[in-house]
Amino acid sequence: EAGVTQFPSHSVIEKGQTVTLRCDPISGHDNLYWYRRVMGKEIKFLLHFVKESKQDESGMPNNRFLAERTGGTYSTLKVQPAELEDSGVYFCASSQVSATGNSPLHFGNGTRLTVT
Amino acid sequence: AQTVTQSQPEMSVQEAETVTLSCTYDTSESDYYLFWYKQPPSRQMILVIRQEAYKQQNATENRFSVNFQKAAKSFSLKISDSQLGDAAMYFCAYRSPTGNQFYFGTGTSLTVIP
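We now turn to the structure provided with this report.

Criteria and thresholds
Residues numbered from 1 in each chain as written. Chains lettered and ligands numbered in written order. Predicted model: local features only at pLDDT ≥ 70, side-chain atom pairs only at ≥ 80, totals over all residues. Heavy atoms only, no water. Helix = DSSP H or I, 4+ residues; strand = E, 2+ residues; numbered from the N terminus. Rg over C-alpha atoms; globule rule 2.2 N^0.38 Å. Buried < 20%, exposed > 50% of the residue type's maximum accessible area, 1.4 Å probe, protein only. Pairing = 2+ DSSP bridges. Axes fitted to C-alpha atoms, helices over the stretch in contact; angles between N-to-C directions. Contact = heavy atoms within 4.5 Å. Buried area = accessible area lost by both parts, 1.4 Å probe. Salt bridge = Lys/Arg side-chain N within 4 Å of Asp/Glu carboxyl O. Polar contact = N/O pair within 3.5 Å; in protein donor to acceptor, adjacent residues only side chain to side chain. Lys, Arg positive; Asp, Glu negative; His and termini not counted. Core = buried A, V, L, I, M, F, W, Y, C linked by side-chain atoms within 4.5 Å. 1 Å grid on protein atoms, 1.4 Å probe; cavity = no way out; pocket = protein on both sides within 12 Å on 5 of 7 lines; lining within 4 Å. Points joined across faces, edges and corners; volume = space filled by probe spheres on them. Nonpolar A, V, L, I, M, F, W, Y, C, P; charged D, E, K, R; others polar. Disulfide = S-S within 2.5 Å.

Attention now goes to the overall build of chain B. Of regular secondary structure, chain B possesses 0 helices and 12 strands. For 114 residues, the compact-globule formula gives about 13 Å, and the C-alpha radius of gyration of chain B, at 14 Å, lands near that figure. If you line up chain B on its principal axes, its C-alpha atoms span 45 × 30 × 20 Å. Split into buried and exposed, the 114 residues of chain B put 49% on the buried side.

Structural data, given as structure tokens:
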């Protein structure tokens, strides 16, 4: 079974530019999450999709961030325009639907974004 | 919101020895799930072990075990017979059964000394 894949693995852009991150979850996983880790800090929740619907986007920092999940398959996270504080590692994770909540997250390798 | 605290930014252990990573959390819920994830350098984050709060028995997975103290809201990870491949960043995580968010700590970087 293929795992969660993220592209690109690294991205270096200048302040004011646009970057789009992509995540392909494990096939059959309805839940898809985006998280971000700034160096030395905790992994912070950004948003959660159930299929193509945004279930919770309370962690999105501001309207420069736009996430989509067309057709309930892969997801993209666009940052436009990028600011210096957007630098960090962006993780995507997916999980199966679970009635009890103990389904673990399956993570991608992350995209390391550097804004200069 | 729930918070997860990992008070040890860095830890080291001699190969074949035992190390314990600490994690505490804050919640008003009685049922929840706790996880330890491991991220080796430049590699994918993977699940190490999970614990359901309603279970009194501590979870174990081979060389990995937890000490779950519900009253103290503590969830430490013990790694026995440490191996070089255990070197990684370890994250403690909390999940509520009523929501889908996972709350993570800041991580503990574990070094294994040959």
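The subject of this paragraph is the sheet that holds strand β1 (residues 5-7) of chain A. Residues and elements named next belong to chain A. Taken in spatial order, the 4 strands of this open sheet run β1-β3-β8-β7, and their pairing is antiparallel. Of all the strands in the sheet, the pair left with one neighbour each is β1 and β7 (65-68). Within this sheet the neighbouring strands show an average axis-to-axis angle of 15 degrees, counted without direction.

This brings us to the interface of chain A and chain B. Tallying the contact residues gives 22 residues for chain A and 20 residues for chain B. Summing both partners gives a buried area of about 1,900 Å² for chain A against chain B, and 52% of it is carried by carbon and sulfur. Joining chain A to chain B, the criterion identifies 0 salt bridges. Counting every contact that joins chain A to chain B gives 6 residue pairs in polar contact (both at pLDDT 80 or more).

Turning our attention to the side chain of B:K38. Residue and element names in this part refer to chain B. By secondary structure assignment, the location of K38 is in strand β5 (residues 33-39). One buried charged residue, K38, remains without a salt bridge, the closest side chain of opposite sign being D86 at 4.1 Å. At 3.1 Å, the side chain of K38 and the backbone oxygen of G85 are in polar contact. For K38, the contacting residues outside a window of four places in its chain are Q44, M45, I46, V48, G85, D86, A88, M89 and Y90.

Of all hydrophobic cores here, the largest spans 26 residues; its most connected members are B:Y25, B:W36, B:F75, B:L77 and B:Y90. Element by element, the count of residues in this core is highest for strand β10 (residues 88-95) of chain B, at 4 residues. Contact partners of B:Y25, with chain neighbours within four places excluded, come to B:T3, B:V4, B:Y32, B:L34, B:F68, B:Q69, B:K70, B:K73, B:S74, B:F75 and B:Y94. Counting 21 residues, the second largest nonpolar core, distinct from the first, contains A:I13, A:L21, A:M60 and A:Y90.

Think of a ball as big as a water molecule: rolled over the atoms, this probe shows where empty space is left. Taken as a whole, the largest pocket encloses approximately 640 Å³ of empty space. Lining the largest pocket are 27 residues, with A:V89, A:F91, A:R112, B:Q39 and B:S42 positioned closest to its centre. Elements with a minimum of two residues in the lining of the largest pocket: β9 (88-95) and β11 (111-115) of chain A together with β10 and β12 (108-113) of chain B. For the lining of the largest pocket, a count of residues per class yields 11 nonpolar, 13 polar and 3 charged. Volume-wise, the second largest pocket comes out at about 430 Å³. Contributing to the lining of the second largest pocket are 18 residues, with A:E42, A:I43, A:K44, A:F45 and B:Y103 lying nearest its centre. Contributions of two or more residues to the lining of the second largest pocket are made by β5 (43-50) of chain A together with β1 (3-5) and β11 (102-104) of chain B. Considering each element in turn, the lining of the second largest pocket owes the most residues, 4 residues, to β5(A). Partitioning the lining of the second largest pocket into residue classes produces 10 nonpolar, 4 polar and 4 charged.

Throughout the structure, instances matching the rule amount to 2 disulfides over all chains. Disulfide pairing places A:C23 opposite A:C92 at an S-S distance of 1.8 Å. The sign of the S-S torsion, about -60 degrees, decides the handedness of the disulfide formed by A:C23 and A:C92: left-handed. You can see A:C23 sitting in strand β3 (residues 19-24) and its partner A:C92 sitting in strand β9, a full 69 residues away along the chain. Take A:C23 and A:C92: they sit in the same class, and that class is buried. One disulfide in the model links B:C23 with B:C92; its S-S distance is 2.0 Å. Measuring handedness by torsion sign, the sulfur bridge of B:C23 and B:C92 sits at about -70 degrees and is left-handed. With B:C23 in the loop between β3 (19-21) and β4 (24-26) and B:C92 in strand β10, this pair connects stretches of sequence that are 69 residues apart.

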